Amino acid sequence: MDQEALYRALDETVSRLYADGRLADALEAVEEMAPRIPTRRADTAHLTACLLTLTGRAEDALTVLRAALADGAWWSPTILVEDDDLTAVRDLEGFAPLLGESTARHATATGVPLPPVVRRPKGTPRGVLVALHGADQDAALAAEQWAAAVDAGFVLVAVDSSQRSTPLYRSWPDTDVAIRDITTALAELNEADGALPLLAAGFSAGGRVAVLWALSGAAIRPSGFLALAPALTPEHLDGERRVRAGRGEVRGRILVGERDEDVTPEVYDAYAVLADAGADVTLETVGGLGHAFPVGFGRGLPGVLEALMEERAGGS
């Protein structure tokens, strides 16, 4: 198992133990596994520090963070200043210098766009699908998750967020920056691809951006979207986006798991806002599914994209 897979397994284990209140067991799991995942030094140090603090060992938590910083790790100011699990650490004398150095490294490293992962179909493409990864994921994973679009005749453009909380933790907290990243990625395509119908797709935080980009005033924006488990709330849908939704300029499909506690019930409230505005958006709840891709998702993806393309043609 590679380091990224090990980290995913560890993160899932820690999240489960944390939710069950088994903090000592969670700490033991991190301390045992962290040496095997050096690429995730910043992330495992953060997990360790949180668990140490919650078990009454704030001084040890600060020591762990300082050691990771010395090894080149860094964290966004938001993580260090707003994480409630680190409250006791912030009162310690050595925290301010750590925050200052970490903030400087974050400012240098974040906001730098990466080239997109582009996959092309055999033959003449019929459209472009922009795929946006979830929080703590990346474009390479998104390219795998949405790969069925290539077989359906789409140029797949998977975009990495330039917004980072640690060296490897990427997400999309600022929608304007996200749209900038997407626009930069699309500039990599040739003129013929740029003239093709454009759709957006995304998972979790990426699903939210897919919706908001489609409803934005950006010069280049999709005519349709597929948002899987989008981290979308009514607060994201300001007046201008509601107006654009009501104009029928974009069609969308939202899929959410019946057991997805990460985004529900807020996503249902956001969908109600779109429906009340008159948007051509439908929502489907997938039985038994949590915050994840449905089993066999790739088999059904071409049909969903086909429907979005047909609706686009019918409304153009």
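Residues numbered from 1 in each chain as written. Predicted model: local features only at pLDDT ≥ 70, side-chain atom pairs only at ≥ 80, totals over all residues. Heavy atoms only, no water.

Looking now at the pairing of strand S2 (residues 127-132). The element S2 is largely enclosed, with a buried count of six among its six residues. By the alternation rule, side chains of S2 split into Gly127, Leu129 and Ala131 and Val128, Val130 and Leu132, which are all buried. Where S2 lies against strand S3 (residues 154-159), six bridges are found, and the strand directions are parallel. In the strand pairing of S3, Gly127 is matched with Phe154. In this sheet, strand S6 (residues 198-203) lies alongside S2 in parallel orientation, the contact comprising five bridges. Each residue of the ladder has a partner; that of Val130, found in S6, is Ala200. (Buried < 20%, exposed > 50% of the residue type's maximum accessible area, 1.4 Å probe, protein only. Helix = DSSP H or I, 4+ residues; strand = E, 2+ residues; numbered from the N terminus. Pairing = 2+ DSSP bridges.)

Our next topic: the packing of aromatic side chains. Enumeration over the complete set of coordinates arrives at four aromatic pairs. Seen in terms of ring centroids, Phe203 and Phe293 are 5.1 Å apart; in terms of plane orientation they differ by 35 degrees. Their pairing is tilted. Here the residue Phe203 occupies a position in strand S6, and Phe293 occupies one in the loop between strand S9 (280-286) and helix H14 (297-315), the gap between them amounting to 90 residues. Its relative accessible area of 6% is what places Phe203 among the buried residues. Aromatic ring contacts, followed pair by pair, group Trp146, Phe203, Phe293 and Phe297 into a single cluster. (Phe/Tyr/Trp six-rings, centres within 6.5 Å; stacked < 30°, edge-to-face > 60°.)

On inspection of all chains with the given rule, the structure shows 18 salt bridges. Residue Arg180 is joined to Asp181 by a salt bridge in which the shortest nitrogen-to-oxygen separation is 3.4 Å. Owing to a relative accessible area of 2%, Asp181 belongs among the buried residues under this scheme. The partner of Arg221 in a salt bridge is Glu249, and the shortest N-O contact between them spans 3.7 Å. Of the two residues, Arg221 is situated in the loop between helix H11 (205-214) and strand S7 (224-228) and Glu249 in the loop between helix H12 (239-246) and strand S8 (251-257); the sequence distance between them amounts to 28 residues. In this structure Arg221 comes out as partly exposed when scored by relative accessible area, which is 33%. Each of the salt bridges in this network shares a partner with another, and the network as a whole consists of Glu4, Arg8, Arg40, Asp43 and Asp136. (Salt bridge = Lys/Arg side-chain N within 4 Å of Asp/Glu carboxyl O.)

Pairing in this open sheet of seven strands is mixed, and the strands run S1-S3-S2-S6-S7-S8-S9 from one edge to the other. Only two strands of the sheet have a single neighbouring strand rather than two, namely strand S1 (117-119) and S9. Strand after strand, the sheet turns through a mean of 15 degrees between neighbouring axes, direction not considered. Summarising the sheet, S6 and S7 pair through five bridges and their orientation is parallel. Residue pairing in the sheet places Leu199 in a bridge with Gly224 of S7. Contacts between helix H13 (residues 266-276) and the sheet are confined to S8 and S9, with S9 contributing the most and set at about 155 degrees to the helix. (Axes fitted to C-alpha atoms, helices over the stretch in contact; angles between N-to-C directions. Contact = heavy atoms within 4.5 Å.)

Right, let's get into the packing of helix H1 (residues 3-19) against helix H2 (residues 23-33). In contact at an axis separation of 8 Å, H1 and H2 are set at 165 degrees when each is read in the N-to-C sense. Between H1 and H2, the angle falls in the class roughly antiparallel. In the packing of H1 onto H2, the handedness of the crossing is left-handed. Packed against H1, whose contacting residues are Leu6, Leu10, Val14, Leu17 and Tyr18, the element H2 presents Leu23, Asp25, Ala26, Ala29, Val30 and Met33 at the interface. (Parallel < 35°, antiparallel > 145°, perpendicular 65-115°, else oblique. Left-handed = near helix turned anticlockwise from the far one by under 90°.)

Below, the discussion takes up the nonpolar core. If you look at the biggest cluster of nonpolar residues, it comprises 39 residues, and the most contacted ones within it are Val130, Leu132, Val157, Leu186, Trp213, Phe225 and Leu237. Looking at this core, the elements that each hand over two or more residues are S2, S3, helix H9 (175-186), S6, H11, S7, S8 and H13. The residues touching Leu186, leaving out its near neighbours within four places in the chain, are Val128, Val130, Leu198, Trp213 and Ile220. Met33, Ala42, Ala45 and Ala68 belong to the second largest nonpolar core, which has 33 residues in total. (Core = buried A, V, L, I, M, F, W, Y, C linked by side-chain atoms within 4.5 Å.)

Moving residue by residue along a regular strand, the side chains alternate between the two faces of the sheet. In terms of residue burial, S6 counts as a mostly covered element, since six of its six residues are buried. Of the two faces of S6, the one carrying Leu198, Ala200 and Gly202 and the one carrying Leu199, Ala201 and Phe203 are both buried. After leaving S6, the chain enters H11 and then returns to the sheet as S7, a path that is right-handed. (Right-handed = clockwise from strand over helix to strand, strands pointing away.)

The subject of this paragraph is the packing of H1 against helix H3 (residues 41-54). Relative orientation of the contacting elements H1 and H3 amounts to 20 degrees, with a least axis distance of 12 Å. Judged by the inter-axis angle, H1 sits roughly parallel to H3. The chirality of how H1 crosses H3 is left-handed. Of the residues in H3, those touching H1 at Tyr7, Leu10, Val14 and Tyr18 are Asp43, Thr44, Leu47, Leu51 and Leu54. The residue makeup of the contact of H1 with H3, split by class, is seven nonpolar, one polar and one charged. (Nonpolar A, V, L, I, M, F, W, Y, C, P; charged D, E, K, R; others polar.)

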